[in-house]
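Architecture and fold: a report
The lines below spell out each chain.
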Amino acid sequence: MTTSKKLLPDEIITSFKDEFSDKILDSRIEKHPIGPKKTDMIQLWFTLDRSIFKDAVKHLMKLDKKAHFSVSSGYDIEDRIEIIHHFSIYTGTKGDEISINFTVPLPKNDPTIDSISDLIPGALISEQEKQEMLGVKVKNIPKDTRVFISEDFPEDMYPWRKDEKNVDSMARNLHEPSSKNVSEEKKENADEKEEKQ
Amino acid sequence: MSAETMEKTSYKVPIGPIHPALKEPVMFEFELDGERIQNADVYLGHVHRTIEWTGMRRNPIQILYLAERICGICSYCHPMSFALAVERIAGIEVPDRAEYLRVVHAELERICSHTLWAGVAAHEIGFDSVLFLTWQVREKALDLTEYLTGNRVTKAITMIGGVRRDITKEMVPKIEETVTFLKNHFEKLKKIFLDDKTFQMRSQGCGILSKKEALQLCAVGPTTRASGVKKDVRIDQPYFAFGELDFDYVTPDILTDEINGDVYDRIIVRLLEVKQSIDLIEQCVEQLTGMPEGDIVAEPKIAKLLNQLKKIEGEGIGRMEAPRGEVIHYVKMNKKEHPYSWKVRAPTYSNILPWIPMLKGEQIADIPIVAASTDPCMSCTNRVGIIKNGNKAILSNEELHRLSVEKTRRLMQ
């Protein structure tokens, strides 16, 4: 195998900082004691500026060309949407794997992010999902269709959003309805009663 | 003949929607030239149940039982991955005894899942006597699950910080009895699945996924290991007590000295993993009997635990090797009763795209066994629509199954 030497967690962080300097907005190493021997499970978390996101993935694949992409998750908070891409590197040897997570904040008024499907074809479904669930726009996505949500689902409403574009108004009687729904329902019921009388 | 009619040599066959668990409902559209599949496309989301949305409105303990209902087969991996993520945010340390107990349940689930799959695979190629034999063996594993957890399917054994039930000394003989039974029958099943001519004819050289494709498409679990990729979360990044147990990656070359990445190789990997799981359970039971009885959960009082979780802030991921591959949960807590964000990724999510290279070049009759070889839940594949020369016809599941059985018969003649 011609793969280069495996870097230690802090060396990985340094290598990213050397490459992208202040575009790495934040980074941290998490060590979790696992099992009876309390061996460390290592997870690295980076917050990246979106301009370097794709280059950061390329850089990661330089560290380990077999870098595995698991999925990306995300949420909206205040005026931004944050997408977290979960990778793992150094797979294939006992205990060597390191989880790498790239958080990319996107402003809500322009939530665009580069597609990485050309680097990792297996990322396609995850990118499609982020588009429909969070309302981000993936630039140059190879297949710009919905994947989990049906075609007749309203435009510009996103199930994972917590702001005014959420879907709470559609979810009635699924669990405890939101206060808005309760008051609306009560009003409707009252109207019906009035009509009957 | 005009140019237009010449172009109509290929036609499209939609297959699905299939109803499996959360992330796995699938509909295929195949472009066919006669019996050969030229291209395949996948459509998902027919039974999206908004589990994540619901979860973001519940507290972590309630989510354990919600996550259990994501999938009937992986009813342990999902709540456990969620628990792992929450434990990492809260910094909860799991007692040693619970780490071994968690392995026992994870491996028992793997045995149930793989034997269920093996039975389905036999059924798909029309070998129903093997289906019944395999599921008879599986029944014994389910009995043990019920004995240890109180339930056959939704086990409700997971708790944040540990597990809910201990394995006491009195329970060990029953485990040993089941393990012996499984071991005895394992050799028989291995002989049927790997040496039987019918199985070999239908599975060898069929549904090939190359190592390169497996890596590029982020395949996980037995699907990727059968293509020669050494990837198993239990070994790569040990969790529970897996770091202390003796086992290794299962790839088909252990048995055959070669890796083809076909359906046959996926059968080999799953069968050998059943054996591996039996070994792991034995190792854990040995550890458990040797260790003094102690705590099985970090915080037994649920109200106190909930109160603690209400105050935590941060994000974490929980990864596990489910029977079908890597499962990953992302959780973000925000000092609130409910998680701020929860993302679930089941293994089949990653094994959907690899279907496309597997199915290209195969025949219609191979669809059931190739699609089943990645182990999606295909329980509700009830119809297939065929559009031939613009006319729609519906092919039922039975019809598709008949085609598959007929192919086996043809090969046997």
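The following paragraphs examine the structure supplied in this document. It should be emphasised that the depicted structure is a prediction, and the values quoted were computed from it without experimental measurement. (Residues numbered from 1 in each chain as written. Chains lettered and ligands numbered in written order. Predicted model: local features only at pLDDT ≥ 70, side-chain atom pairs only at ≥ 80, totals over all residues. Heavy atoms only, no water.)

A few points about the overall build of chain A
Within chain A, the secondary structure is distributed over 4 helices and 7 strands. Its helices and strands taken in sequence order, chain A reads α-β-β-α-β-β-β-β-α-β-α from the N to the C terminus. With 197 residues in all, chain A has 51% of them scored as buried. Here the analysis covers contacts within chain A between residues at least 6 apart in sequence; of these, 51% occur between residues at least 24 apart. As presented, chain A carries roughly 9,900 Å² of accessible surface, and 49% of it is formed by carbon and sulfur atoms. (Helix = DSSP H or I, 4+ residues; strand = E, 2+ residues; numbered from the N terminus. Buried < 20%, exposed > 50% of the residue type's maximum accessible area, 1.4 Å probe, protein only. Contact = heavy atoms within 4.5 Å. Areas by Shrake-Rupley, 256 points an atom, 1.4 Å probe, with all protein chains shown as cover.)

Overview of the overall build of chain B
Tallying secondary structure elements over chain B gives 18 helices and 10 strands in all. Counting only residues that meet the buried cut, chain B has 62% of its 413 residues in that class. When contacts within chain B are restricted to residue pairs at least 6 apart in sequence, long-range pairs at least 24 apart make up 69% of them.

Some thoughts on the interface of chain B and chain A
A common way to express how large an interface is: the accessible area buried when the components associate. Taken together, the 54 residues of chain B in the interface contact 58 residues of chain A. The contact between chain B and chain A buries some 4,700 Å² in all, and 59% of this surface belongs to carbon and sulfur atoms. Our count for the contact surface shared by chain B and chain A stands at 5 salt bridges. The tally of links from chain B across to chain A stands at 24 residue pairs in polar contact (both at pLDDT 80 or more). At 5 residues, strand β7 (residues 325-334) of chain B tops the list of elements feeding residues into the side of chain B that touches chain A. Among the residues forming the side of chain B that touches chain A, the class breakdown is 26 nonpolar, 9 polar and 19 charged. (Buried area = accessible area lost by both parts, 1.4 Å probe. Salt bridge = Lys/Arg side-chain N within 4 Å of Asp/Glu carboxyl O. Polar contact = N/O pair within 3.5 Å; in protein donor to acceptor, adjacent residues only side chain to side chain. Nonpolar A, V, L, I, M, F, W, Y, C, P; charged D, E, K, R; others polar.)

Things to note about the sheet that holds strand β4 (residues 80-89) of chain A
Residues and elements named next belong to chain A. Read across the sheet, 5 strands follow the order β1-β2-β5-β4-β3 without closing on themselves; strand pairing throughout is mixed. In the strand order of this sheet, the two ends are held by β1 (24-34) and β3 (68-77), each with one partner. When the angles between neighbouring strand axes are averaged without regard to direction, this sheet yields 20 degrees. Two strands pair when backbone bridges link them, and strand β2 (residues 39-48) and strand β5 (residues 98-107) are joined in this way by 5 bridges, in the parallel orientation. Bridging across to β5, Thr47 finds its partner in Thr103. (Pairing = 2+ DSSP bridges. Axes fitted to C-alpha atoms, helices over the stretch in contact; angles between N-to-C directions.)

Regarding the sheet that holds strand β8 (residues 341-345) of chain B
All names here are of chain B. Spatial strand order, β6-β7-β8: 3 strands in an open sheet with antiparallel pairing. Either end of the sheet is taken by a strand with one partner, and the two such strands are β6 (313-322) and β8. The average undirected angle you get between the axes of adjacent strands in this sheet is 10 degrees. With 5 bridges connecting them, β7 and β8 associate as antiparallel partners. Across the sheet, the residue bridging to Lys332 is Ser341, located in β8. This element, helix α4 (residues 77-90), spans β6, β7 and β8 of the sheet and lies at about 145 degrees to β6.

Observations regarding the side chain of B:Thr149
Residues and elements named next belong to chain B. Tracing the chain through its elements places Thr149 in helix α6 (residues 128-149). Of the polar contacts made by the side chain of Thr149, one reaches the backbone oxygen of Asn151; its length is 3.0 Å. The contacts of Thr149, once residues within four sequence positions are left out, are His105, Lys155, Ile157 and Arg165.

Thoughts on the pairing of β3(A)
Residues and elements named next belong to chain A. Most of β3 sits out of view: 10 of its 10 residues are buried. As judged from the 9 bridges shared by β3 and β4, these two strands associate in the antiparallel manner. Bridging across to β4, Ser72 finds its partner in His85.

Considerations on the packing of aromatic side chains
Tallied over the full model, the rule gives 15 aromatic pairs over all chains. Both rings, one in A:Tyr75 and one in B:Tyr340, keep their centres 5.7 Å apart while their planes meet at 85 degrees; by these two values the pair is edge-to-face. Taken together, the residues A:Tyr75 in strand β3 and B:Tyr340 in the loop between β7 and β8 connect one chain to another. Its relative accessible area of 2% is what places A:Tyr75 among the buried residues. On the basis of an interplanar angle of 55 degrees and a centroid distance of 5.7 Å, the ring pair of B:Phe242 and B:Phe247 is categorised as tilted. (Phe/Tyr/Trp six-rings, centres within 6.5 Å; stacked < 30°, edge-to-face > 60°.)

Quick notes on the pattern of salt bridges
Residue and element names in this part refer to chain A. What the rule picks out here adds up to 38 salt bridges over all chains. Between Lys6 and Asp96 there is a salt bridge, with the nearest N and O atoms lying 2.9 Å from each other. In this pair, Lys6 is assigned in the segment before α1 (9-20) and Asp96 in the loop between β4 and β5, connecting sequence segments 90 residues apart. What makes Asp96 partly exposed here is its relative accessible area of 31%.

Focus on helix α13 (residues 263-290) of chain B
A rise of 1.5 Å per residue sets the reference length of α13(B), with its 28 residues, at 40 Å; its end C-alpha atoms lie 41 Å apart and thus fit the reference within 8%. Burial within α13(B) is extensive, with 20 of its 28 residues counted as buried. (Expected span 1.5 Å × (residues − 1).)

Details of the environment of A:Glu97
Assignment of secondary structure puts A:Glu97 in the loop between β4 and β5. On the basis of relative accessible area, A:Glu97 is assigned to the buried category, the value being 2%. Sequence separation of A:Glu97 and A:Pro9 is 88 residues, and the distance between their C-alpha atoms is 11 Å. Here A:Glu97 is in contact with A:Ser88, A:Ile89, A:Tyr90, A:Thr91, B:Lys231, B:Asp236, B:Gln237 and B:Arg319, once residues within four sequence places are set aside. Within the structure, A:Glu97 has its side chain in polar contact with the side chain of B:Arg319 (distance 2.8 Å).

Digging into the packing of α1(A) against helix α2 (residues 53-63) of chain A
Residues and elements named next belong to chain A. At their nearest, the axes of α1 and α2 sit 11 Å apart, and the two run at 135 degrees to each other. If you check the angle between α1 and α2, you find them oblique. Considering the relative orientation of α1 and α2, their crossing is right-handed. Here α1 contributes Ile12, Ser15, Phe16, Glu19 and Phe20 to the contact with α2, which in turn contributes Asp55, Ala56, His59, Leu60 and Leu63. The residue makeup of the contact of α1 with α2, split by class, is 6 nonpolar, 2 polar and 2 charged. (Parallel < 35°, antiparallel > 145°, perpendicular 65-115°, else oblique. Left-handed = near helix turned anticlockwise from the far one by under 90°.)

Observations concerning the pairing of β5(A)
Residue and element names in this part refer to chain A. Extensive coverage of β5 is indicated by the burial of 8 of its 10 residues. Sheet topology places β4 next to β5; 10 bridges connect them, and they run antiparallel. The partner of Arg80 across the bridge, within β5, is Pro107.

Thoughts on unusual backbone geometry
The backbone of A:Tyr90 shows a phi angle near 60 degrees, a positive value even though the residue is not glycine. Its location among the elements puts A:Tyr90 in the loop between β4 and β5.

Concerning the packing of α6(B) against helix α7 (residues 172-195) of chain B
Residue and element names in this part refer to chain B. Running from amino to carboxyl end, α6 crosses α7 at an angle of 160 degrees, the nearest separation of the two axes being 10 Å. As the angle between them shows, α6 and α7 are arranged roughly antiparallel. The two elements α6 and α7 meet at a crossing, and its hand is left-handed. Contacts between α6 and α7 involve Val130, Leu133, Thr134, Val137, Lys140, Leu144, Tyr147 and Leu148 from the first element and Lys174, Ile175, Glu177, Thr178, Phe181, Leu182, His185, Lys188, Leu189, Ile192 and Phe193 from the second. Of the residues assigned to the contact of α6 with α7, the class counts are 12 nonpolar, 3 polar and 4 charged.

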